[in-house]
Amino acid sequence: MFEITKSDLAGRIGVLHSNHGKIETPAYVPVIHPVRQIIPAKKIREIGFDLVITNAYITMKKFGQNAIKRGIHDIINFDGAVMTDSGGYQVLEYGDVDVAPADMAEFEKGIMTDFAIPLDKPTGYGLSKKKAKSYVSQTLEVAKETLDNSSDNGQIWIGPIQGGEHQELVKNSTKNLVKYGFSMLALGSPVEFMESYEYALLASMIITAKKEMPDAIPLHLFGAGHPLTIPLAVALGCDTFDSASYVLYAKHDRYMEEDRTSRLADIRYFSCTCEVCTKFSPKEILSLESEEKIIMKLTEDFDQLILDYLKNNSDVILISDFLNDIKYTKEIIRKLSSRGINGNIIHVLDPAEKTFPFKGRINFNGLEVANLPISSLSDDAPWAQATVIISYK
């Protein structure tokens with residue numbers, strides 16, 4: 001399942017084998033939201049990531065049993081390896097989730113995730129040792145039961161190490177998970193450590209866990225996405241680490257560099273040579289509207305979107321049956337023309353649209369008006385907005 005090719009300090013370069021291919025480690029694992037993902041998972045795959053992590057609990061709540069029919073790879077549209085968190089983060093944030101650990105394990109099995117994590121009870125940071133010990137005991141009980149009931153289907157179950165700042169509990173948790181037979185382990189609760197700037201405690205926690213693990217078992221680190229944390233984690237022997245930092249930093253106008261994050265307002269140029277950083281300056285990025293606003297414009301004000309985002313003096317082709325109000329089409333053309341945007345109109349009609357041989361209330365199933373009941377066409381019926389194909393000069 002895991003092979004080490006090179007090592008230095010406690011760090012190593014290796015290869016993880018999964019049902020959906022190989023993953024070279026150390027590997028940064030982007031967090032993918034199963035419902036509200038801003039950057040498509042397909043794009044993240046194209047960038048070069050072979051492994052992502054998503055939330056099985058949110059997936060269950062949103063898609064239910066249909067998720068088992070589709071599978072997690074189809075739901076998030078990612079053809080590489082997928083790891084799923086079973087809801088431990090929600091437990092950490094809200095105290096509990098309304099699903100039994102056994103049901104969650106069965107669900108993760110059903111959606112065919114490549115790397116599955118049992119529903120654990122994170123200790124976080126700042127708990128008393130007595131309470132943390134009860135959380136560790138609960139996690140170990142669930143982990144053992146989950147692994148004992150797992151199937152030989154190629155899925156890799158990851159044992160969640162808990163204990164927080166209580167090193168004795170971390171040691172006990174790791175030792176037991178290894179004894180149970182987990183082929184991969186994950187260290188929980190580092191996010192709260194990092195938010196409290198307790199890097200020494202984080203390092204101590206990693207070292208304590210690594211001492212109890214055979215080299216052949218890879219170690220995942222939850223929530224490690226800061227540029228300073230990643231090299232530390234690698235040097236101490238972590239093989240994979242997940243984070244949503246790439247989205248969270250962007251939402252707060254922060255730019256990730258090799259050893260820090262910087263506010264866009266404080267930098268004059270990008271050090272990166274990727275497609276975006278070579279095309280835009282920090283000032284230009286700051287002037288862009290948020291993804292949420294772009295989506296809002298797309299759904300609520302189509303013609304204004306054209307005006308805002310088409311370049312001047314570009315060419316457009318409007319393709320539609322134009323069964324909407326003619327005033328709407330005329331207004332789009334007028335606004336495009338005022339911007340020096342030239343174009344052509346292609347009018348496409350199905351024979352049934354020309355003759356409209358229907359009576360009464362009818363459900364039309366189509367890309368634009370699925371299951372929309374209508375009784376007749378009228379001059380202001382907005383059935384078919386124009387599709388715009390842009391070609392730049």
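Note that the structure is predicted; figures quoted are calculated from it, not measured.

Calculation rules
- Residues numbered from 1 in each chain as written.
- Predicted model: local features only at pLDDT ≥ 70, side-chain atom pairs only at ≥ 80, totals over all residues.
- Heavy atoms only, no water.
- Helix = DSSP H or I, 4+ residues; strand = E, 2+ residues; numbered from the N terminus.
- Buried < 20%, exposed > 50% of the residue type's maximum accessible area, 1.4 Å probe, protein only.
- Contact = heavy atoms within 4.5 Å.
- Areas by Shrake-Rupley, 256 points an atom, 1.4 Å probe, with all protein chains shown as cover.
- Pairing = 2+ DSSP bridges.
- Axes fitted to C-alpha atoms, helices over the stretch in contact; angles between N-to-C directions.
- Salt bridge = Lys/Arg side-chain N within 4 Å of Asp/Glu carboxyl O.
- Phe/Tyr/Trp six-rings, centres within 6.5 Å; stacked < 30°, edge-to-face > 60°.

1. Remarks on the overall build of the protein
No. 1: For the protein, the count of helices and strands is 18 helices and 18 strands.
No. 2: Counting the 393 residues in the protein, one finds 42% classified as buried.
No. 3: The long-range share in the protein, meaning contacts at least 24 apart out of those at least 6 apart in sequence, stands at 66%.
No. 4: Accessible surface for the protein amounts to roughly 21500 Å². Of this, 53% is attributable to carbon and sulfur atoms.

2. Describing the sheet that holds strand β10 (residues 219-221)
No. 1: The strand order around the closed barrel built from eight strands is β4-β5-β6-β7-β8-β9-β10-β11, with neighbouring strands paired in parallel fashion.
No. 2: Where strand β4 (residues 27-32) meets strand β5 (residues 51-55), two bridges bridge the pair, whose relative direction is parallel. Among the inter-strand pairings, Ile 32 is bridged to a residue of β5, identified as Thr 54.
No. 3: Sitting on the sheet, helix α8 (residues 167-180) touches β8 (156-161) and β9 (184-187), and the angle it makes with β8 is about 160 degrees.

3. Some thoughts on the pattern of salt bridges
No. 1: A complete count under the given rule lists six salt bridges for this structure.
No. 2: Here Asp 50 makes a salt bridge to Arg 45, at a shortest N to O gap of 2.8 Å.
No. 3: Residues joined by salt bridges that share partners form a network here, namely Arg 45, Asp 50 and Asp 79.

4. Considerations on unusual backbone geometry
No. 1: The omega angle of the peptide bond from Thr 25 to Pro 26 is 5 degrees, so this bond is cis rather than trans.
No. 2: Topologically, Pro 26 is positioned in the loop between β3 (21-25) and β4.
No. 3: A positive phi angle, near 55 degrees, is found at Leu 9, a position not held by glycine.
No. 4: Tracing the backbone shows Leu 9 in the loop between β1 (2-8) and β2 (11-18).

5. Digging into the packing of aromatic side chains
No. 1: Overall, the coordinates contain two aromatic pairs when judged by the stated rule.
No. 2: Where Tyr 255 meets Phe 270, the ring centres are 4.7 Å apart and the plane angle is 50 degrees; that geometry is what we call tilted. In this pair, Tyr 255 is assigned in strand β12 (residues 254-256) and Phe 270 in the loop between β13 (261-263) and α13 (275-279), connecting sequence segments 15 residues apart.
No. 3: By relative accessible area, Tyr 255 is classed as buried at 10%.

6. Description of the sheet that holds β1
Pairing between the strands of a sheet comes from backbone hydrogen bonds, and it takes one of two forms, parallel or antiparallel.
No. 1: Strand order in the open sheet formed by three strands is β1-β2-β3, and the pairing between neighbours is antiparallel. Among the strands making up the open sheet, the edge pair consists of β1 and β3. Put simply, the sheet's adjacent strands are angled 15 degrees from each other on average, direction ignored.
No. 2: As paired strands, β2 and β3 are joined by five bridges and run antiparallel to one another. Counterpart to Leu 16 in the pairing with β3 is Ile 23.

7. Looking at the environment of Thr 5
No. 1: Structurally, the position occupied by Thr 5 is in strand β1.
No. 2: Considered as a pair, Thr 5 and Val 15 are 10 residues apart in the sequence and their alpha carbons are 7.7 Å apart.
No. 3: Among all residues touching Thr 5, those that are not within four sequence positions of it are Ile 13 and Gly 14.

8. Some remarks on the environment of Arg 254
No. 1: Relative to the helices and strands, Arg 254 is located in strand β12.
No. 2: By relative accessible area, which is 25% here, Arg 254 ends up partly exposed.
No. 3: Residues in contact with Arg 254, not counting those within four places in the same chain, are Tyr 249, Thr 261, Ser 262 and Arg 263.

9. A word on the pairing of β1
In the case of a regular strand, side chains alternate between the two sheet surfaces.
No. 1: Sheet topology places β1 next to β2; six bridges connect them, and they run antiparallel. From the neighbouring strand, Ser 7 faces β2, where its bridge partner is Arg 12.

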